[in-house]
Amino acid sequence: MKNRSKIAVIQFPGSNTELETIAAIERNGMVPISHLWNEPSSNLDLCDGYIIVGGFSYEDRSRSGIIASLDPVMNTLKKQALTGKPVLGVCNGAQILVESGMVPGNNGFDTIVSLSENKRVRSGQVVGTGYYNTWCYLKSNKESVSAFVDKSDNSLLRIPIAHAEGRFMMDKKLQDIVETANLAVYHYCNEDGEVINDFPVNPNGSIDNIAALGNVAGNVMAIMPHPERTYIGDPIFRSLNSFLNSDDVFSYKALNYESKKINISPFKKSKKTTELLISMIIADNEAISVEKCIERLGKTDANIKKYLHLEIEHDGALDIENIYETDVLFNPSKEFIATNVDRGSGSRFLVREKENIEGRKMKETLQKRFGFNNVTNILKGTVWEINSTEKQIKKDIDLILNSHILCNPISQECHEY
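Residues numbered from 1 in each chain as written. Predicted model: local features only at pLDDT ≥ 70, side-chain atom pairs only at ≥ 80, totals over all residues. Heavy atoms only, no water.

**Some words on the sheet that holds strand β17 (residues 335–337)**
- Strand order across the open sheet formed by 7 strands is β14-β20-β18-β19-β16-β15-β17, with mixed pairing between neighbours. Every other strand in the sheet has two partners, leaving β14 (264–266) and β17 as the edge strands with one partner each. Strand after strand, the sheet turns through a mean of 35° between neighbouring axes, direction not considered.
- In this structure, strand β18 (residues 347–353) lies alongside strand β20 (residues 412–416), joined through 5 bridges in antiparallel fashion. Residue valine 351 lies in a different strand from β20, and its bridge partner there is cysteine 414.
- On the sheet, helix α7 (residues 285–298) packs against β16 (303–314) and β19 (375–387) and is oriented at approximately 130° with respect to β16. (Pairing = 2+ DSSP bridges. Helix = DSSP H or I, 4+ residues; strand = E, 2+ residues; numbered from the N terminus. Axes fitted to C-alpha atoms, helices over the stretch in contact; angles between N-to-C directions. Contact = heavy atoms within 4.5 Å.)

**Some words on the sheet that holds strand β4 (residues 87–90)**
- Ordered in space as β2-β1-β3-β4-β13-β12-β11-β8-β9, the 9 strands form an open sheet in which the pairing is mixed. On the outer flanks of this sheet lie β2 (31–36) and β9 (157–163), each paired with one strand and no other. Taking the axes of each pair of neighbouring strands and ignoring which way they run, one obtains an average angle of 25° across the sheet.
- Summarising the sheet, strand β8 (residues 132–140) and β9 pair through 7 bridges and their orientation is antiparallel. Its bridge partner being in β9, cysteine 136 is matched across the sheet by isoleucine 159.
- Across the sheet, helix α1 (residues 18–27) lies against β1 (6–11), β2 and β3 (49–52), angled at about 170° from β1, the strand it touches most.
- Across the face of the sheet, helix α4 (residues 92–100) comes into contact with β3, β4 and β13 (220–223) while running at roughly 120° to β4.

**Structural notes on a negative patch on the surface**
- On the surface, a cluster of negative charge is contributed by Asp319, Glu321, Glu325 and Asp327.
- Relative to the helices and strands, glutamate 321 resides in helix α8 (residues 320–324). (Patch = residues over 30% accessible without salt bridge, like charges linked within 9 Å, V, L, I, M, F, W, Y side chains within 5 Å. Areas by Shrake-Rupley, 256 points an atom, 1.4 Å probe, with all protein chains shown as cover. Salt bridge = Lys/Arg side-chain N within 4 Å of Asp/Glu carboxyl O. Lys, Arg positive; Asp, Glu negative; His and termini not counted. Charge placed at Lys NZ, Arg CZ, Asp CG, Glu CD.)

**Re the nonpolar core**
- Judged by nonpolar contacts, the single largest core of 90 residues is most densely connected at Tyr186 and Ile405.
- Aside from chain neighbours lying at most four places away, what touches tyrosine 186 is Leu138, Lys139, Ser140, Phe148, Val149, Leu157, Asn209, Ile210, Ala211, Ala212, Met221 and Ile236.
- Ile278, Leu318, Ile323 and Val328 belong to the second-largest nonpolar core, a separate cluster that totals 17 residues. (Core = buried A, V, L, I, M, F, W, Y, C linked by side-chain atoms within 4.5 Å. Buried < 20%, exposed > 50% of the residue type's maximum accessible area, 1.4 Å probe, protein only.)

**Description of unusual backbone geometry**
- Following valine 103, the chain continues into proline 104 via a peptide bond in cis, with omega recorded as 0°.
- Looking at the element boundaries, proline 104 is found in the loop between α4 and β5 (114–116).
- Even without being glycine, tyrosine 58 reaches a positive phi, approximately 50°.
- With respect to the element layout, tyrosine 58 can be found in the loop between β3 and α2 (66–69).
- Positive phi, close to 55°, is recorded for cysteine 91, a residue that is not glycine.
- Along the chain, cysteine 91 turns up in the loop between β4 and α4.

**Section: the pattern of salt bridges**
- If you walk through the whole model with that rule in mind, you get 12 salt bridges.
- Note that glutamate 385 is salt-bridged to arginine 348, the shortest N-O span being 2.7 Å. Residue glutamate 385 is located in strand β19, and its partner arginine 348 is located in strand β18; the two are separated by 37 residues in the primary sequence. We note that glutamate 385, like arginine 348, is buried.
- Between lysine 394 and aspartate 398 there is a salt bridge, and its shortest N-O distance comes to 3.2 Å. Remark: aspartate 398 and lysine 394 occur in helix α10 (residues 393–403); sequence separation between them is 4 residues, near one turn of the helix.
- By sharing partners, the salt bridges in this structure join Lys119, Arg167 and Glu355 into a single network.

Right, here's the structure in full:
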């Protein structure tokens, strides 16, 4: 009889659900091994598989999963995945796998997919955005080669979701490849197993109702719902155990897909808009976290500042002072309007979500709740300011942009500001 497989439970600062994950691993015949992000990565060599748990790693600063995806431990997981060891990322763990490029596993682990803001759509209308917590049904893709599918079990899974950025996004060409190669391992469906691309069956607007996405080799999967929170999710863990006890020969495969580079265009402000830069009264921990991550990546001396950027389109004069008093645009307890901001010798980049969900929500709140009907649109973004020594600045900017820490090119756009 084979020894029970050891599964590392990977935790970052801000992770949670490790206790539920440990229970699910034990319940399905494996041995959980807790592993913190800053423990020696060599400890992971002794494990047979890996699960990155859910939560809010690094408080989702900059973007959910991005800072953890650049942590040195992820390089270890990439090497282990190449040898055939399975890696599962749940919720925030899924976001980390997507940002790290381990899913869907392109050559060189390029980032070619995004997990973006939830967008609940019914009959073509957006009926909700943001964090959403509910129970949903999942249907497995029996054509998938994933280690996390029990092909002998045709029952649906009913498990919970709890996330704000769980919408799988990719370009149309990659979408076709994902479908042809059966990389979508689980789809959201209704209680009858029907895959209906409409809320509430599709709880977050994910393309093709994708709830879990795998790699070509089948040993890595990113799943947004939480199978560890209920015994009904056990088939995923049982399948993992079966995979580890299989004598099948494994051969790692990767996609050969031309990844998108960040296309930086100059920012052009419309004459019919009011532009605002908003800064923090208190310490900006998000900027500090990004700065420390960049310092670890390239041993640079780059200094990072962050501003909320709003571009308000309006008809006629804008009663901006009264709009401020609604607290819709910013929180005056910790934020303020920045004026006469000197960038010095640094560079600035404006990053926006391509779909502008948060800006549209602000506009609709001002119109419907407060009666500011002449506000016709609000574009929301983040201005990142990078300061460094003049000799080092170009090198630092190239490092920062290529790391994708500021911008995911699939779901976001970047402008020189």
